[in-house]
Amino acid sequence: MKDEKNNELNIEQLDQVNGGVIGDSMKDSDVLYKLGILKEEIGGSDLTFHWNTYSAKVDEAWKSIDIICVSHPTSPNEYFYQGKSITQDEAIQIAKNLMIKGPQIKDIQKPF
């Protein structure tokens, strides 16, 4: 990861990033993986060193449950549900509720 002047970040700066906004995507990936929405575990080093690839996987997992997540490496992530801006905690609660609720009768196809 590089700072705005394209200098490599030292370990103290990486710790600040991991505890801050990359931490949003780390928390998302942990929750989404545990709920079975994200199919692979994505760690801090994945996001730190391969941001574009792994943040896109987290965003796609959100999208699969109709939550739009706009991930940012240097500012907080943005979340949207049904056209409204929501917080990360609200997005996580929606995901948990959807996974507990499961498929509805109307969503199950008839066998014939």
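Read on for a plain summary of the structure. In this text the structure is predicted, and so the values were computed from the model without any measurement.

Basis of the calculations
Residues numbered from 1 in each chain as written. Predicted model: local features only at pLDDT ≥ 70, side-chain atom pairs only at ≥ 80, totals over all residues. Heavy atoms only, no water. Phe/Tyr/Trp six-rings, centres within 6.5 Å; stacked < 30°, edge-to-face > 60°. Helix = DSSP H or I, 4+ residues; strand = E, 2+ residues; numbered from the N terminus. Buried < 20%, exposed > 50% of the residue type's maximum accessible area, 1.4 Å probe, protein only. Pairing = 2+ DSSP bridges. Axes fitted to C-alpha atoms, helices over the stretch in contact; angles between N-to-C directions.

**So, the packing of aromatic side chains**
Then comes step 1: If you walk through the whole model with that rule in mind, you get one aromatic pair.
Then comes step 2: A ring pair is formed by Trp-62 and Tyr-79, whose centres lie 5.8 Å apart and whose planes are at 75 degrees; its orientation type is edge-to-face. Of this pair, Trp-62 sits in helix H4 (residues 51-63) while Tyr-79 sits in strand E2 (residues 78-81); the two residues are 17 residues apart in sequence, bridging distant segments of the chain. One exposure class covers both Trp-62 and Tyr-79, and it is buried.

**As for the sheet that holds strand E1 (residues 67-70)**
Paired through backbone hydrogen bonds, the strands of a sheet run either parallel or antiparallel to each other.
Then comes step 1: As summarised here, the arrangement of the three strands in space is E1-E2-E3, forming an open sheet in which the pairing is antiparallel. The open sheet has two edge strands, E1 and strand E3 (84-86), and neither has a second partner. This sheet shows a mean twist of 30 degrees between the axes of neighbouring strands, independent of strand direction.
Then comes step 2: Taken together, the four bridges between E1 and E2 define a ladder with antiparallel strand orientation. Its bridge partner being in E2, Cys-69 is matched across the sheet by Tyr-79.

**Observations regarding unusual backbone geometry**
Then comes step 1: A positive phi angle, near 65 degrees, is found at Asp-66, a position not held by glycine.
Then comes step 2: Take Asp-66: it is sitting in the loop between H4 and E1.
Then comes step 3: Under the relative-accessibility criterion, Asp-66 is labelled exposed at 58%.
Then comes step 4: Of note in the backbone geometry, Gln-82 takes a positive phi value of approximately 50 degrees without being a glycine.
Then comes step 5: Secondary-structure assignment places Gln-82 in the loop between E2 and E3.
Then comes step 6: Gln-82 sits in the exposed class, given a relative accessible area of 67%.

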